[in-house]
Amino acid sequence: MTGKTHIMGGIAASLAFAQITNYEPVLLLGAGAVGAVIPDICHGGSKIGRAFPVVSKIINICFGHRTFTHSLIFLILTALLFNAFLPNEAISAGLLAGMASHLLLDMATKKGIKLFFPFKITVRLPLTTKTGSTVEYVVFAALSLLSVYFGMAAFGFYY
C-alpha cells in the first residue's frame, strides 16, 4: 500500500478505537497517522524512510523490507517502549493502532508480510491487491469514509 493509504488507515483505526475508549480523539488521530508510517522505516523510499535515511538503511540492511518492522514482535517491543517512555496513554494507543492498521493493510497486498518474524512465513489476507492499483484507491476511499464516520462520532457530531 502507498503512504497515503497507510496514513488514512491509521486515522480510521485510531478514530474507531476512540469509539471504545475515553482517550482524547485528537491525540489518537494524530498519533494514529504517525504510527501508520512507522513500520515502513525499513524502506528507504517510504515517507519515514526518507525522513530518517540512515536509520532506514541500517534497518533494511539488518532485516530487509516487510520483515521485522512488519511483525508482531516489533509491535510488542514498540508497545513496551511506548509504555515506558511516553507519558500519555492516548498517544501510545494511537501509535499502536496506526501501526496495527499498517500491518493489516500490507497483509492485503500480494507480497504480504512476515508477521511471525523471525519465522519466514508470509502472511496474506485471502483477497489481495497490488500496491498502487485501482483496488487500492477503492480501499483508500473506503478508509476515508470510515474516518469521516468515526470522526463525526468521536468529535460529538451525531448522525
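Since the model is a prediction, treat every value here as computed from it, not as a measurement.

Trainee: It is not clear to me how the overall build of the chain should be interpreted in this structure. Could you clarify?
Mentor: Scanning the chain from terminus to terminus reveals seven helices and zero strands. When the helices and strands of the chain are placed in sequence order, the string is α-α-α-α-α-α-α. C-alpha extents for the chain along the principal axes are approximately 45 × 40 × 25 Å. Evaluated residue by residue, the chain yields a buried proportion of 43% over its 159 residues. When contacts within the chain are restricted to residue pairs at least 6 apart in sequence, long-range pairs at least 24 apart make up 59% of them. As displayed, the chain has an accessible area near 8700 Å², and 73% of this comes from carbon and sulfur atoms. Taken as two groups, the 11 positive and 5 negative side-chain charges of the chain have centres that lie 17 Å from each other.

Trainee: What's the story with the packing of aromatic side chains in this structure? I'm lost.
Mentor: The description of an aromatic ring pair rests on the distance of the ring centres and on the angle between the ring planes. The tally for this structure, following the rule as stated, stands at six aromatic pairs. Seen in terms of ring centroids, phenylalanine 17 and tyrosine 23 are 6.3 Å apart; in terms of plane orientation they differ by 35°. Their pairing is tilted. With 6.0 Å between their ring centres and 65° between their planes, phenylalanine 68 and phenylalanine 117 make a pair best called edge-to-face. Remark: phenylalanine 117 occurs in the loop between helix H6 (89-107) and helix H7 (134-154) and phenylalanine 68 occurs in the loop between helix H4 (53-63) and helix H5 (72-85); sequence separation between them is 49 residues.

Trainee: When you look at unusual backbone geometry in this model, what are you seeing that I'm missing?
Mentor: Excluding glycine, residues mostly carry a negative phi; peptide bonds, for their part, are mostly trans. A cis amide bond links phenylalanine 117 with the next residue in sequence, proline 118, at an omega value of 15°. Its location among the elements puts proline 118 in the loop between H6 and H7. Even without being a glycine, arginine 66 presents a positive backbone phi close to 60°. Tracing the chain through its elements places arginine 66 in the loop between H4 and H5. Overall, the relative accessible area of 8% leaves arginine 66 in the buried class.

Conventions and cut-offs
- Residues numbered from 1 in each chain as written.
- Predicted model: local features only at pLDDT ≥ 70, side-chain atom pairs only at ≥ 80, totals over all residues.
- Heavy atoms only, no water.
- Helix = DSSP H or I, 4+ residues; strand = E, 2+ residues; numbered from the N terminus.
- Buried < 20%, exposed > 50% of the residue type's maximum accessible area, 1.4 Å probe, protein only.
- Contact = heavy atoms within 4.5 Å.
- Areas by Shrake-Rupley, 256 points an atom, 1.4 Å probe, with all protein chains shown as cover.
- Lys, Arg positive; Asp, Glu negative; His and termini not counted.
- Charge placed at Lys NZ, Arg CZ, Asp CG, Glu CD.
- Phe/Tyr/Trp six-rings, centres within 6.5 Å; stacked < 30°, edge-to-face > 60°.

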